Amino acid sequence: MEKNTRYDCDVAVVGGGPVGLCLALLLAREGTEVVVFEKEPDVSLDLRASTFHPPTLDMLDRLGIAEALVAQGLICPHWQIRLHPDGDRAIFDLSVLQNDTRHPYRLQCEQWKLSLALMDALKKEPRARVVFGREVTGFTQDDDSVTLSLRDGFEEIGPGEVGSANETIRARLVAGTDGARSTIRKELGLEFAGLTYPETTLLVTTHFPFEEHLEGISNVSYCWKADGNFALLKVPGRWRVSIYPREDLPIDEQLTEDAIEASLQVIVPRSERYEVIEKRPYRVHQRIVPSYVHGRVVLAGDAAHLNSPSGGMGLNGGIHDAFELAEALTEILAGQAPLTRLDLYDRRRRPIARDQILAQADANRARMREKSPEKRREILAGLKAITRDPERLYAHVLKSSMIDGLRLAAAIQ
C-alpha cells in the first residue's frame, strides 16, 4: 500500500475500549502495523462490566494478562440465584469445569483494569499505536484500502509525532470496536435490529459488607425480592448493586438519593444510611447487526451486538470476537487467505451472539423479573434440581460460562 500520511497502517481499530485494545495487541504481536483511535482522552474508568468467564481468562492467559487480572480481582468459585430475604438459593459450582478450563471460576474485576493491562502491553509493541482524543468521523473504502476521516487534538502513545487537528489516514482494513454508539456502524448504514427494554436500571457501589449480613451470599448473586429483584456483584473492596426499578413509580422518583437509600435498606436494613460511592443509570438493549463484515470494514463487540448484562456475557463476547477476528485479519494480511476469510469470522461469531449470548441474557432477565411467589419457588426448585444432578449441572455451567458457545463456533467452517 502506498503511504500518503504517516498514520497509514495495516489495520486501523476504531474504539479504544477493552475489545479494541485486545484486538490491537493480538495483531501487533503477529507483526501487524496497527493504530487504535479512541475519541475519549484516556482509558475510561467508568462503572462498566466486571465479570470474566473461564474461557475469556484462558484467552487472556495467552496474552500474558490473565494472571495480573486475577491478582487484582476476586475469584468466584460459584454464583447463585436467591430468594430474599429468606435466603433459599440455588448455587452453581464452577469447579465442575476443572477439566475444561485453566480457570474454573468467574473473576470479578472491573473492566478498566483489563484496559490498563492491555495498554501497558501495547506500549511495548513497536508496531502498535494508541491515539486518544482522536475521533473518527467517517470513512470511504475501495478495493484496496479504507480511508478514515479524523478530527480534534489528541495524545499519542507509541512512536511518531503529534499530527494535525484534522486529517485522513489509509488502512488496509478497519475494525469498528467503538461500542454501542458506533460511528462505524452508523456510517455503514446498518440496521441495529432488536429492542430496548422499557426500564432504567441503576448501578451503585458501596463499601457496605453485604457478605457479613446475608448468609451464604456468593460474590455473584441474582436475587428476587418482594415485587422486584436486585443483583449483588462483589469486586475488590466494594459491592456493585444493580437496582431494578418499580413499575408503579416514575423513574425520576426512583433515582433520588432517598429512593436509592430505600432500595438498599430493603437488602439489609440498618440504622445508618448507606455510603454510595458511585451510581450510574443505564438502559438495557438487545440488538445485533445483520452482518459483521462489510468489505474491508468489520465490526466487533458492542458495535456489532448488545445484550442485557444479566449473566455477564457482553464484555466476554466482545473479547471472543477480538480473538476470532485477529486470526482472520492476520491470515489475510499474511497472504494466507483472501478477504473472504472474514466471512468465516461472521459465521462463527454472529450466530453465537444471536443464539447464545443475546438469548441467554434475555432468558436470565425474564427469569429474574418473574413476580409471582409461586412461580419463583417453582423456578428455584428446578434450578436446585439442576445443581444436585452432576450431568445437568455440568451442561448448565458449560453453557452459562460460554464454553459451549465457543465450541459450537469453532466447529463452523
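Structural notes, computed from the coordinates. As the structure is a prediction and not an experimental result, all values here were calculated from the model.

## Here's the deal with the pattern of salt bridges
By the definition in use, this model includes 21 salt bridges. Here D61 and R102 are joined by a salt bridge, their closest N and O atoms 3.3 Å apart. Within this pair, whereas D61 is found in helix α2 (residues 54-62), its partner R102 is found in the loop between β6 (89-93) and β7 (106-108), the two being separated by 41 residues in sequence. A relative accessible area of 52% places R102 in the exposed class. A salt bridge links R348 to E324; its shortest N-O distance comes to 3.0 Å. With R348 in helix α9 (residues 341-368) and E324 in helix α8 (residues 314-333), the pair connects residues that are 24 residues apart, well separated along the chain. For R348, a relative accessible area of 10% translates into the label buried. Salt bridges linked by common partners bring D86, D88, R377 and K384 together as one network.

## A closer look at the sheet that holds strand β4 (residues 74-76)
Taken in spatial order, the three strands of this open sheet run β3-β7-β4, and their pairing is antiparallel. On the outer flanks of this sheet lie β3 (51-52) and β4, each paired with one strand and no other. Looking at chain direction, β4 and β7 are connected through three bridges and run antiparallel. In the sheet register, I75 faces β7, and the bridge partner there is L107.

## Regarding the packing of aromatic side chains
Tallied over the full model, the rule gives seven aromatic pairs. With a centroid separation of 5.0 Å and an interplanar angle of 75 degrees, the aromatic rings of F208 and F210 are classed as edge-to-face. Summarising the burial analysis for this pair, F208 and F210 share the class buried. Ring geometry for F210 against Y274: centres 6.0 Å apart, planes inclined by 20 degrees, an arrangement best described as stacked. Pair noted here: F210 is in the loop between β13 (193-206) and β14 (220-225) and Y274 is in the loop between α7 (257-267) and β17 (278-288), with a separation of 64 residues, a long-range link. The same class applies to F210 and to Y274, which are both buried. Cluster of aromatic residues (ring-pair linked, three or more members): F208, F210, W239 and Y274.

Conventions adopted
Residues numbered from 1 in each chain as written. Predicted model: local features only at pLDDT ≥ 70, side-chain atom pairs only at ≥ 80, totals over all residues. Heavy atoms only, no water. Salt bridge = Lys/Arg side-chain N within 4 Å of Asp/Glu carboxyl O. Helix = DSSP H or I, 4+ residues; strand = E, 2+ residues; numbered from the N terminus. Buried < 20%, exposed > 50% of the residue type's maximum accessible area, 1.4 Å probe, protein only. Pairing = 2+ DSSP bridges. Phe/Tyr/Trp six-rings, centres within 6.5 Å; stacked < 30°, edge-to-face > 60°.

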